[in-house]
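The residues making up each chain are set out below.
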Amino acid sequence: MAETIFARMISERRKDMNLSLRELARVTGIAASTISRIENGRLSPTLDIVAKLTSALNLEPSAANLDSSSALTTPEPVAPSEEPRQDGPTQVVVHKTLGSTILQKGIRRDLSRIAARNGYEIAILVKGTCELRTNAGFSQTLRPGATINCKLIAKQTYFATAEEEAELLWIG
């Protein structure tokens, strides 16, 4: 049931934002067919995919549904003169730690240090392209939608050098 709620919320939010499956796929780096299967309830998304979709669609995890799945909600705006509605049980929205880093073209940044200092769990490359490297010789080109497990990069020093201006979204 929770996957169905998540699927419906992703589909509705994508349509509210006037995004096609292809456009959302381009932004997140997730195949359009995968997004379609998630929206139709035929595929349960991984945490990586949930993070990419929620980031792209500006959704937040709902504390009421965290135990059963990754169901998401969009916060309802409240006018300053109004009191919040009390239609049913009060729903508390859990905010995780979020951060953003702009990577300038050609400048090397220590991603391991940023992740460790702020207690982040995952990083998502939102914009641009960068090269992820270690002193031990590892090298990988990251494109928008790529995710980095911050717990893994804390074990060794990882540097990123942007090939063009890039932006990382950090989630803790």
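Bear in mind the structure is a predicted one, so any value in this text is a computation, not a measurement.

About the cut-offs
Residues numbered from 1 in each chain as written. Predicted model: local features only at pLDDT ≥ 70, side-chain atom pairs only at ≥ 80, totals over all residues. Heavy atoms only, no water. Pairing = 2+ DSSP bridges. Helix = DSSP H or I, 4+ residues; strand = E, 2+ residues; numbered from the N terminus. Axes fitted to C-alpha atoms, helices over the stretch in contact; angles between N-to-C directions. Contact = heavy atoms within 4.5 Å.

Caption draft 1: Just the sheet that holds strand β6 (residues 130-134), in detail. Taken in spatial order, the four strands of this open sheet run β4-β9-β6-β7, and their pairing is antiparallel. Each having just a single partner strand, β4 (108-110) and β7 (139-142) make up the two edges of the open sheet. On average, each strand axis in the sheet is tilted by 25° relative to the strand beside it, whichever way the strands run. Where β6 meets strand β9 (residues 158-162), five bridges bridge the pair, whose relative direction is antiparallel. Bridge pairing links Leu 132 to Ala 160 in β9.

Caption draft 2: Layout of the sheet that holds strand β3 (residues 98-103). One open sheet accounts for four strands, arranged β3-β10-β5-β8; its pairing is antiparallel. Each of the sheet's edge strands pairs with one partner strand only, and the pair in question is β3 and β8 (147-149). Between one strand axis and the next, the sheet turns by 25° as a mean value, whatever way the strands run. Sheet topology note: the strand β5 (residues 122-127)/β8 ladder contains three bridges and is antiparallel. Among the inter-strand pairings, Ile 124 is bridged to a residue of β8, identified as Thr 147. Helix α4 (residues 47-57) contacts β5, β8 and β10 (166-171) of the sheet and is inclined by roughly 45° relative to β5. Packing of helix α5 (residues 111-118) onto the sheet brings it into contact with β3, β8 and β10, and relative to β10 it is tilted by some 30°.

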